Amino acid sequence: MIDVLLVDDDPLVRAGLVLMLGGADDIRVVAEAADGAQVAGLVEAYRPAVVLMDIRMPGVDGLAATAQVRARPGAPEVLVLTTFHTDAHVLGALRAGAAGFLLKDTAPGDIVAAIRTVAAGDPVLSPAVTRRLIAQVAGSAAGEDTVVGARARLALLGEREREVALAVGGGASNAQIARALHMALPTVKTHVSRILSRLGLNNRVQIALLVHDARLSAADSADSDGG
């Protein structure tokens, strides 16, 4: 059973989500919050596997709440609820450790599938939507200092680790990376784990963000002198 905490200041949205998720036999809503300030206490009390988090709330917003939750030992995964193109805070939430994001008009079946995906430890990253959103925000926000800093961090990786990191930044799954780089799937997973540990990152979403900050792509692997 996947325990879920709903965080949204709109009671109608929460009621709709409760009704919708009630149709999934492997998901249960264990608690609800109308403000990010309530999240830490509810996570402590109910130990949910997933927090479905709104961003815009009148008190503590979802960005701050996500950072607080993900800083905890044994933290639940966080799925951010947002609106496409209008909410620049999504990038901050991903940097804070959210496993991905959902649009508020996402089909019910896709929301259920996304909860199952992040509960299993995988990010929810639609390649088309995610790349557009991250590139749109990161492209305008990353100054030269950010680029230099991101490239310096990636230079800490070994050559194969860097190749895997750049592939993650391009939105590739572990299976796709294994095929492209002629690796066994467990080897890719090991590289991803080492990248997270070596760079002090929270999940593969943050690897993708770092690659975007560095303004690099998988095509840059062969020319890199950072390995």
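In the block above lies the structure referred to throughout.
Before going into details, it helps to say that this report is about the structure given with it.

### Some thoughts on the packing of helix 1 (residues 11-21) against helix 5 (residues 108-119)
Across the interface, helix 1 lies against helix 5 with an axial gap of 10 Å and an inter-helix angle of 75 degrees. Considered as vectors, helix 1 and helix 5 are oriented roughly perpendicular to each other. The residues of helix 5 that touch helix 1, namely those facing Leu17, Met20 and Leu21, are Pro108, Ile111, Val112 and Ile115. Considered class by class, the residues forming the contact of helix 1 with helix 5 number 7 nonpolar, no polar and no charged.

### Details of the side chain of Asp35
Examined against the element boundaries, Asp35 turns out to sit in the loop between strand 2 (27-33) and helix 2 (39-46). Separated by 3.4 Å, the side chain of Asp35 and the backbone nitrogen of Gly59 make a polar contact. A polar atom in the side chain of Asp35 sits 3.0 Å from the backbone nitrogen of Val60. Those residues in contact with Asp35, other than ones at most four positions away along the chain, are Val7, Met57, Gly59 and Val60.

### Remarks on helix 11 (residues 204-213)
Among the 10 residues of helix 11, 9 are classified as buried, and the element is accordingly described as predominantly covered. What helix 11 keeps buried is the set Arg204, Val205, Gln206, Ile207, Ala208, Leu209, Leu210, Val211 and Asp213. Between the side-chain oxygen of the N-cap and the backbone nitrogen of Val205 there are 3.1 Å, and the N-cap of helix 11 in question is Asn203. Downstream of helix 11 by one or two residues, Arg215 has phi in the positive range, about 55 degrees.

### Re the pattern of salt bridges
One pass over the structure, following the stated rule, counts 11 salt bridges. Taking the shortest distance from any N to any O, the salt bridge between Arg14 and Glu32 comes out at 3.0 Å. Note that Arg14 is positioned in helix 1 and Glu32 in strand 2, a separation of 18 residues in sequence. Given a relative accessible area of 15%, Arg14 falls into the buried group. Glu32 sits in the partly exposed class, given a relative accessible area of 41%. Taking the shortest distance from any N to any O, the salt bridge between Glu44 and Arg72 comes out at 2.5 Å. Within this pair, whereas Glu44 is found in helix 2, its partner Arg72 is found in the loop between helix 3 (62-70) and strand 4 (77-82), the two being separated by 28 residues in sequence. When its relative accessible area of 21% is taken as the criterion, Arg72 is described as partly exposed. Taken together, the salt bridges that share partners define one network made up of Asp8, Asp54 and Lys104.

Cut-offs used in this document
Residues numbered from 1 in each chain as written. Predicted model: local features only at pLDDT ≥ 70, side-chain atom pairs only at ≥ 80, totals over all residues. Heavy atoms only, no water. Axes fitted to C-alpha atoms, helices over the stretch in contact; angles between N-to-C directions. Helix = DSSP H or I, 4+ residues; strand = E, 2+ residues; numbered from the N terminus. Parallel < 35°, antiparallel > 145°, perpendicular 65-115°, else oblique. Contact = heavy atoms within 4.5 Å. Nonpolar A, V, L, I, M, F, W, Y, C, P; charged D, E, K, R; others polar. Polar contact = N/O pair within 3.5 Å; in protein donor to acceptor, adjacent residues only side chain to side chain. Buried < 20%, exposed > 50% of the residue type's maximum accessible area, 1.4 Å probe, protein only. Salt bridge = Lys/Arg side-chain N within 4 Å of Asp/Glu carboxyl O.

Note that all results are geometric; they support no functional claim without further evidence.
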